[in-house]
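One letter stands for each residue in the lines below.
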Amino acid sequence: MAYDSIPSRFLAQGAQRPEAPAYFVKVDGAWRATRWRDYVGETRMVARALIAEGVGPGKTVGILGFNRPEWVAMATATMLTGGAPAGIYTTCSAEEVQYILAHSEALVVLLEDEAQWAKVRSVRDRLPALKRVVLMKGAPAVDDPMVMTWEAFVASGEATEDAEVDRRVEAIEPSGLSTLIYTSGTTGPPKGVMLSHENIAWTASAAATLVKAQAGQVMLSYLPLSHIAEQMFSIHGAATIGLTIYFAESIEKVPDNLREAQPEVFFGVPRIWEKFFAVAGSKLKDATGAKAVIVKWARGVALDVHGRLDRGESVPMWLDAQHRLADRLFYSKFKGAVGLGRAKICVSGAAPVGSEVLEFFTSLDLPVREVYGQSEDTGPDLLQPPRRHPARNRRQAHRRGDREDRRGRGDPGEGP
């Protein structure tokens, strides 16, 4: 029996939920779905093509491009072979790309477009291990024997028996290398963080349990997939839970794509939440008359409701009725307009976020939970529980500090 790894979970999604949408991409202005059956089928073909190129245990595949189904399929297919994917940030220079590909001894690299190919081409004489370059869908064909289109590479998988993929998955060891995460660290060149199958599988399961995510819930993939945080959602979380992924068209299109996808699971770094805070806060300040009164009242209701929940208290019937009314009059409309109308799980991580930002979203009936972690620990280490909201806790700590300062100065303050 195969070890319960991310590769085995991915294959299981295709067997258990074959007709369910695995992901959406925008084509000619419309979002088009790909079923789990087809997603798994194509990824198996990619794995067979990688095996033909010599990829397997102890071997690495580089990936350089914006979030796309091909990115995830290549990473997952590499794990299916027993090998390890190594993502590279799209902003990396040719020298940085060369370092990571050479350091990881990548046999194959997947590139988004001609611009990324230009980086690799300029340093190919310093990449002795590199055998194959694959371009993502839509990239113009390149006249070079080393380079293949996505379609041609997938088709080359026919040369390998499909059963070989299953054999590789069954041979996966918990301690085996699953993924390489190249992180800048504090000094010197990027460091390759080695994550095992057990590291990732356990963390993905624990995270799914903590946030109570469910199969079919939607999320938008837009943060760099070379980072463990986005991988935990778009790759490992999708395989573990059965999330439906919307791949953003570009970083510039994220606001539009967010409104179109209306994700139930949304992860953002502080910069994203701060941008929301600045834009949405400005719009709310422009409200006048009856609208301004409703907004102020509704935000106060949300803070009261979530404050009680933070303290582990029940919400009285009269407040619950106000909360439901406020949802009809304000929350649902506002959240839908910014793309968070269905949001059930909102998370901020990668750096601290201001308490005023967290309090702002709580007042919109959108509590944001903070996560702390690092690549070396497979991403999330600590996730703030629902009833321990940092905005409120920080305010309480600040008030306690003020009281102590006043007492030290002989000021009686507000009392205990």
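Parameters at a glance
Residues numbered from 1 in each chain as written. Predicted model: local features only at pLDDT ≥ 70, side-chain atom pairs only at ≥ 80, totals over all residues. Heavy atoms only, no water. Pairing = 2+ DSSP bridges. Helix = DSSP H or I, 4+ residues; strand = E, 2+ residues; numbered from the N terminus. Right-handed = clockwise from strand over helix to strand, strands pointing away. Salt bridge = Lys/Arg side-chain N within 4 Å of Asp/Glu carboxyl O. Buried < 20%, exposed > 50% of the residue type's maximum accessible area, 1.4 Å probe, protein only. pLDDT = per-residue confidence, 0-100. Contact = heavy atoms within 4.5 Å. Phe/Tyr/Trp six-rings, centres within 6.5 Å; stacked < 30°, edge-to-face > 60°. Expected span 1.5 Å × (residues − 1).

Chemist: How do you make sense of the pairing of strand β14 (residues 369–374) when you look at a structure like this?
Modeler: Side-chain positions along a regular strand alternate between the two faces of the sheet. Relative to β14, strand β13 (residues 345–348) runs parallel, the two being bridged by two bridges. The partner of valine 347 across the bridge, within β14, is arginine 369. For the handedness criterion, the β-α-β arrangement of β13, helix α14 (residues 355–363) and β14 is classed as right-handed.

Chemist: What exactly am I supposed to notice about the pattern of salt bridges here?
Modeler: For side chains of opposite charge, pairing can occur when their charged atoms come near one another. Counted under the stated rule, the structure contains 23 salt bridges. Note that aspartate 166 and arginine 44 form a salt bridge whose closest N and O atoms lie 3.0 Å from each other. Pair noted here: aspartate 166 is in helix α7 (residues 162–170) and arginine 44 is in helix α2 (residues 36–52), with a separation of 122 residues, a long-range link. Notably, a salt bridge pairs lysine 335 with aspartate 365, separated by 3.6 Å at the nearest N-O pair. With lysine 335 in helix α13 (residues 317–338) and aspartate 365 in the loop between α14 and β14, this pair connects stretches of sequence that are 30 residues apart. With relative accessibility at 9%, the residue lysine 335 sits in the buried group. Salt bridges sharing partners connect three or more residues here, namely Arg44, Arg48, Glu158, Asp162 and Asp166.

Chemist: Any chance you could explain the confidence of the model for the protein here in plain terms?
Modeler: In regions of low pLDDT, the predicted coordinates are not meant to be interpreted in detail. Taken residue by residue, the protein gives an average pLDDT of 88. The fraction at 70 or more is 90%. Counting interchain partners and residues more than four positions distant, the pLDDT-below-50 stretch residues 389–416 has 29 contacts.

Chemist: Just checking my understanding: could you explain the environment of leucine 364 for this structure?
Modeler: With respect to the secondary-structure elements, leucine 364 resides in the loop between α14 and β14. Beyond its immediate sequence surroundings of up to four residues, leucine 364 is in contact with Leu284, Arg299, Phe330, Tyr331, Phe334 and Lys335.

Chemist: What's the story with the packing of aromatic side chains in this structure? I'm lost.
Modeler: Here the distance between the centres and the angle between the planes together describe a pair of aromatic rings. All told, the structure shown has 18 aromatic pairs when counted by the stated rule. Here phenylalanine 266 and phenylalanine 276 contribute two aromatic rings whose centre-to-centre distance is 6.4 Å and whose plane-to-plane angle is 75 degrees, an arrangement assigned as edge-to-face. Placement of phenylalanine 266 in strand β12 (residues 265–268) and of phenylalanine 276 in helix α11 (residues 270–285) is noted, with a sequence separation of 10 residues between them. For phenylalanine 266, a relative accessible area of 2% corresponds to the buried category. Taking relative accessible area as the criterion, phenylalanine 276 reaches 16% and is therefore assigned buried. An aromatic cluster is built from Tyr222, Phe266, Trp273, Phe276, Phe277, Phe360 and Phe361, whose rings are joined through pairwise contacts.

Chemist: Any chance you could explain α11 here in plain terms?
Modeler: An α-helical segment advances 3.6 residues per turn. Residues three or four places apart therefore align on the same side. With 16 residues, α11 should cover 22 Å at 1.5 Å per step; its first-to-last C-alpha distance of 22 Å lies within 8% of that length. Packed against the buried residues of α11 are α10 (254–261), β12, α12 (289–310), α13, β13 and α14.

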